[in-house]
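# Chain and residue survey
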Amino acid sequence: MKLSRAAVVSFMAVGLCTLAQAAAGVAKPCADYARVVPNLKNAQCERVGLEDMLARSNKGRTLWGKDVSADDAQLHVMVVGGIHGDEMSSVSLVFHWLTLAQNPPADTPLPITWRFIPSLNPDGLFSVPAKRVNANGVDLNRNFPTPNWTRDARRYWEVRTRKDPRRWPGSRPLSEPESQFLYQQMDRFKPNLIVSVHAPYGVLDFDGPAVPPSRLGRLYLDQVGIFPGSLGNFGGVHKGVPVVTIELPSATRTPTDAEMRQMWLDLLRWTTERLGTPIAKTLP
């Protein structure tokens, strides 16, 4: 069927309109992110090309993410920031690493498929002031279905935290749309490694199989324990997926760009050495 010139112009206009709407859809969250996330410019956020992960927060905010794939990828690595909304530096680090993954040096091939989720808890991030918990008052990092959650999570909250509202694990495991989303991502993406970025304790934690990294940049390994309902406990201990937990030194300030790049390179070294891909020797 031959289309008329008017029809072709109409289809092109619709296509351009759709593209413009998509660009506008990313531009708005980028403006919001740049407003509250340290060391993140609106232009940098827009360049990475966030994609709607087809999930929503308690308040209906889009959960954004981005995949970066390499040819002959042998590993799947998921990087998650902003599980706690008041740890803004964690969101920034994920954006910076996403930029590095999209623009790797020529001599550092990455046979890895990455999935970046900069902010799992946008409701907490955009609260004024920002909050650790989500809009339902739940600490998402205590809401994952670890064994004996019903018994242990509430007991830990009552006894160890003295009912600290910032650490409320929720009424049941996976009670929150944000934790449900990450649980589903683990099932569908099937990561070989999860990197969970937090602040402000300035250490490196690890759960699960494999020998943990001894350091990333200036952060040294200091395994802080296992908590009922945490992502490290669920992913690393229960599911057998290594979970590297990064605790940045400050919730409101990022390390320098050079330090974040060094942490990235150290993570790549450890990943390729311990999880079985052949690129470690190419890293500077």
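In this text, all values refer to a predicted model and were calculated from it rather than measured experimentally.

### Description of the overall build of the protein chain
When you go through the protein chain residue by residue, the secondary structure sums to eight helices and nine strands. Of the contacts formed within the protein chain by residues at least 6 apart in sequence, a portion of 75% connects residues at least 24 apart. Summing over all exposed atoms, the protein chain offers an accessible surface of approximately 13500 Å²; the carbon and sulfur share of this is 53%.

### What about the pattern of salt bridges?
By the definition in use, this model includes 14 salt bridges. Among the salt bridges present, the one from R167 reaches D164, with a minimum N-O distance of 2.9 Å. With a closest N to O distance of 3.3 Å, D266 and R269 form a salt bridge. Residue D266 and its partner R269 are located together in helix 8 (residues 257–274), separated by three residues, close to a single helical turn. When its relative accessible area of 22% is taken as the criterion, R269 is described as partly exposed. Connected through shared salt-bridge partners, K28, D32 and R35 make up one network.

### With respect to unusual backbone geometry
Backbone torsion omega between V128 and P129 reads -5°, so that peptide bond is classified as cis. A cis amide bond links A199 to the next residue, P200, at an omega of 10°. Turning to its location among the elements, P200 is positioned in the loop between strand 5 (193–198) and strand 6 (203–207). Not every positive phi belongs to a glycine, and N39 is a case in point at roughly 60°. Mapped onto the secondary structure, N39 falls in the loop between helix 1 (5–36) and helix 2 (42–48).

### Observations regarding helix 7 (residues 231–238)
Helix 7 sits mainly inside the fold: six of its eight residues count as buried. Listed as buried for helix 7 are L231, G232, N233, F234, G235 and G236. In the core, the buried residues of helix 7 are packed alongside helix 6 (177–189), strand 5, strand 6 and strand 9 (243–247). Looking one or two residues past helix 7, G240 carries a phi angle of roughly 75°, positive in sign.

### Here's the deal with the pairing of strand 3 (residues 75–80)
By the criterion of burial, strand 3 is predominantly enclosed, with five of the six residues buried. Sheet analysis places strand 3 next to strand 4 (residues 112–117), joined by six bridges and oriented parallel. Bridge pairing in strand 4 links H76 to T113.

### Some points on the nonpolar core
Counting 44 residues, the largest nonpolar core has Y33, W97, W114, F116, V195 and I246 as its most contacted members. Residue contributions to this core peak at eight residues, all from helix 3 (residues 88–102). Setting aside residues up to four positions removed in sequence, Y33 forms contacts with L40, C45, L50, W64, F95, S119, L125 and F126. Counting 20 residues, the second-largest nonpolar core is a separate cluster that includes M53, V80, I83 and V241.

### Let's talk about the confidence of the model for the protein chain
Of all residues in the protein chain, 85% attain a pLDDT of 70 or more, and the chain-wide mean is 88. Ignoring residues within four places in sequence, the model shows residues 6–24, a span with pLDDT below 50, making two contacts including any to other chains. Confidence over residues 278–284 falls short of pLDDT 50; this stretch has 18 contacts with residues more than four positions distant or in other chains.

### Notes on the packing of helix 6 against helix 7
The interhelical angle for the contact between helix 6 and helix 7, taken along N-to-C directions, is 20°, at an axis separation of 12 Å. One finds that helix 6 runs roughly parallel with respect to helix 7. Both helix 6 and helix 7 take part in a crossing whose hand is right-handed. Contact residues: L182, Y183 and M186 in helix 6; L231, F234 and G235 in helix 7.

Cut-off values and rules
Numbers given for residues are sequential positions, taken from 1 along each chain in its written order. pLDDT decides what is reported in this predicted model: residues at 70 or higher carry local features, side-chain atom pairs at 80 or more are listed and counted, and totals for whole chains, interfaces and linings draw on all residues regardless. In computing side-chain properties, one takes all heavy atoms of the structure into account and sets aside hydrogens as well as water. A run of DSSP states H or I qualifies as a helix once it reaches four residues; a run of E qualifies as a strand once it reaches two. Both are numbered from the N-terminal end. Only heavy atoms matter for contacts: two residues are in contact if any of them lie within 4.5 Å across the pair. Residue burial considers only the protein chains on display, and all accessible areas are found by Shrake-Rupley using a 1.4 Å probe. A pair is scored as a salt bridge if a Lys or Arg side-chain nitrogen falls within 4 Å of a carboxyl oxygen belonging to Asp or Glu. Buried means the residue's accessible area, taken with a 1.4 Å probe over protein chains only, is under 20% of the maximum for its type, while exposed means over 50%, and partly exposed covers the values in between. Two strands are counted as paired when DSSP detects at least two bridges linking them. Throughout, nonpolar core names a set of buried Ala, Val, Leu, Ile, Met, Phe, Trp, Tyr and Cys residues whose side chains join them through atoms within 4.5 Å. Values of pLDDT, which run from 0 to 100, indicate the predictor's confidence residue by residue. Each axis is a line fitted through C-alpha atoms, taken for helices only over the stretch in contact, and angles between the N-to-C directions span 0 to 180 degrees. Note that the term roughly parallel is reserved for angles under 35 degrees, roughly antiparallel for angles over 145, roughly perpendicular for angles of 65 to 115, and oblique for everything else. Note on convention: near helix rotated counterclockwise from far helix by under a right angle means a left-handed crossing. Clockwise means right-handed.

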